Amino acid sequence: MKISIYQMEIVPGNPSENHRKVHAWIEKEVETSKPDLIVLPEMWTTSYTLEDIHLHADDNGNPTVPFLQTMAKSFNINIIGGSFANKVGVKVYNTAVVINRQGETIYQYNKVHLVPMLNEPKYLAGGQNVPEVFELEGMKMGLIICYDLRFAEIIRPLALEGAEVLFIVAEWPIARLNHWKNIQITRAIENQMFVVSCNNVGSYQNDTFGGNSMVVNPWGDTLLEGSTTDEEALSISINIEETKEIREKVPVFASRVSHLYKQGL
Ligand SMILES: NC(=O)CCC(=O)C(=O)O
């Protein structure tokens, strides 16, 4: 599966300009790299303009979901659609979507863990359901949003249910870049899965976001890594069979003694 990642510089508080940028990037990427799947970052329509997020948020997935559905269908690509501020009634969620080549939304997730360091709990509502496994082109996958990465307890069940790739859509600040990189490698090794992340670059108010989007294989090797400062397109093919080989070589899942574990995890 060929994957393209848009390590985007998001224009704060300007959804229509960000839609235009994503459209132009997809058009170019499809021509040059011919990906099967593309990945966008967290809150890519607005960035962290939370003080006036009600003005810029989608209204129940509009216009961002139809926009991504049209992109998927027109360019015949699967889309891990990053996440966007999404107004549902009086609440605003941080919502991620997955869209297949036919333009169908096959998975939607509202970020469960709101990040205090970026003031999310003050302005956003947290999702009430943990991430679930979804399937694209016969492969089982999981999707989390940024701060969720710190919570191993929501990622392990995805691996136990057969996920072989974990996508992370993020706006992770440069201030904690060592956490960003090291936790991704740890999650890949402990769950013996590919980790594919898309972070943004650029700044909003006091936060500078640190790029370093990554692809880590189930052995923990970093196959691809973006720069810290530049908007760029990253592209790579992954061989999902590696997951099976590594799970046979080091049979962590077969060695589990789950009846002794707290909460059966
Ligand atoms: N957007 C985020 O969730 C940022 C997470 C973060 O800054 C951290 O975990 O550190």
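How each quantity is defined
Residues numbered from 1 in each chain as written. Predicted model: local features only at pLDDT ≥ 70, side-chain atom pairs only at ≥ 80, totals over all residues. Helix = DSSP H or I, 4+ residues; strand = E, 2+ residues; numbered from the N terminus. Rg over C-alpha atoms; globule rule 2.2 N^0.38 Å. Buried ≥ 20, exposed ≤ 12 C-beta atoms within 10 Å, placed from the backbone. Contact = placed C-beta atoms within 7 Å. Pairing = 2+ DSSP bridges. Axes fitted to C-alpha atoms, helices over the stretch in contact; angles between N-to-C directions. pLDDT = per-residue confidence, 0-100. Near = placed C-beta within 6 Å. Nonpolar A, V, L, I, M, F, W, Y, C, P; charged D, E, K, R; others polar. Parallel < 35°, antiparallel > 145°, perpendicular 65-115°, else oblique. Left-handed = near helix turned anticlockwise from the far one by under 90°. UniProt positions renumbered as here; feature names shortened; annotations may be inferred. Core = buried A, V, L, I, M, F, W, Y, C linked by C-beta atoms within 7 Å. Expected span 1.5 Å × (residues − 1). Arc of directions from axis to C-beta.

1. Looking at the overall build of the protein
Alright, step 1. What the protein contains, in helices and strands, is eight helices and 15 strands.
Alright, step 2. Scaling as 2.2 N^0.38, a compact globule of 265 residues should have a C-alpha radius of gyration of about 18 Å, and the protein matches this with 17 Å.
Alright, step 3. Over its C-alpha atoms, taken along the principal directions, the protein stretches across nearly 50 × 40 × 35 Å.
Alright, step 4. Scored against the burial criterion, the 265 residues of the protein give a buried share of 45%.
Alright, step 5. When contacts within the protein are restricted to residue pairs at least 6 apart in sequence, those whose partners lie at least 24 apart make up 68%.

2. A word on the sheet that holds strand 14 (residues 222-225)
Alright, step 1. Taken together, the six strands give an open sheet; going across it, the order is 7-8-9-10-13-14, and neighbouring strands pair in mixed fashion. Since the sheet does not close on itself, it has two edges, and those belong to strand 7 (134-136) and strand 14, each with one partner. Strand-to-strand twist across the sheet, computed as the mean angle between neighbouring axes with direction ignored, equals 20°.
Alright, step 2. In this sheet, strand 10 (residues 194-198) lies alongside strand 9 (residues 165-169) in parallel orientation, the contact comprising five bridges. Paired with F167 across the bridge in strand 10 is V196.

3. Section: the confidence of the model for the protein
Alright, step 1. Mean pLDDT over the protein stands at 97; residues scoring 70 or higher make up 99%.
Alright, step 2. Interface confidence for the predicted complex, given as ipTM, is 0.99, next to a pTM of 0.98.

4. Some points on the environment of L55
Alright, step 1. Relative to the elements of secondary structure, L55 occurs in helix 2 (residues 53-56).
Alright, step 2. Look at L55 and you get exposed, because 11 C-beta atoms sit within 10 Å.
Alright, step 3. Sequence separation between L55 and T186 is 131 residues; the distance between their C-alpha atoms is 38 Å.

5. Describing the site of the ligand
Alright, step 1. All residues adjacent to the ligand are E42, V115, M117, L118, C146, Y147, R150, E171, W172, P173, R176 and H179.
Alright, step 2. For the shell around the ligand, the class distribution of residues is seven nonpolar, one polar and four charged.

6. Here's the deal with the packing of helix 1 (residues 15-32) against helix 3 (residues 64-75)
Alright, step 1. Relative to each other, helix 1 and helix 3 sit at 15°, their axes nearing to 11 Å. For the element pair helix 1 / helix 3, the angle class is roughly parallel. When the axes of helix 1 and helix 3 are compared, the crossing they make is right-handed. Only F67, M71 and F75 of helix 3 make contact with helix 1, whose side of the interface consists of H19, H23, I26 and V30.
Alright, step 2. Counted by class, the contact of helix 1 with helix 3 contains five nonpolar, two polar and no charged residues.

7. Details of the UniProt feature "domain: CN hydrolase" (unreviewed entry) in the protein
Alright, step 1. Here, UniProt's "domain: CN hydrolase" (unreviewed entry) annotation points to residues 1-240.
Alright, step 2. Helix and strand shares over residues 1-240 are 26% and 32% respectively, and the end C-alpha atoms of the span are 8 Å apart.

8. So, the environment of V98
Alright, step 1. For V98, the location among the structural elements is in strand 5 (residues 91-99).
Alright, step 2. By C-beta crowding, V98 is classed as buried, having 23 other C-beta atoms within 10 Å.
Alright, step 3. Remark: the alpha-carbon pair of V98 and V39, spanning 59 residues in sequence, is separated by 9.5 Å.
Alright, step 4. The contact partners of V98, leaving out residues within four places of it in the chain, are I80, G81, I106, Y107, F134 and L143.

9. With respect to the nonpolar core
Alright, step 1. Counting 69 residues, the largest nonpolar core has V39, L40, L166, F167 and V169 as its most contacted members.
Alright, step 2. For this core, the leading source of residues is strand 5, giving six residues.
Alright, step 3. Among residues more than four places away in sequence, those in contact with L40 are Y6, M8, V22, I80, G81, G82, V169 and C198.

10. Some remarks on helix 6 (residues 177-191)
Alright, step 1. The terminal C-alpha atoms of helix 6, which comprises 15 residues, lie 21 Å apart, in line with the 21 Å expected from a rise of 1.5 Å per residue.
Alright, step 2. All of the buried residues in helix 6 are W180, Q184, R187, A188 and N191. Projected down its long axis, helix 6 carries its buried residues within an arc of 95°, all on one side. Pointing more than 90 degrees away from the buried face of helix 6 are the exposed residues N178 and N182.
Alright, step 3. The elements touched by buried residues of helix 6 are helix 5 (152-160), strand 9, strand 10, strand 12 (207-210) and strand 13 (214-216).
Alright, step 4. Of the residues one or two after helix 6, Q192 is the one with positive phi, at around 50°.

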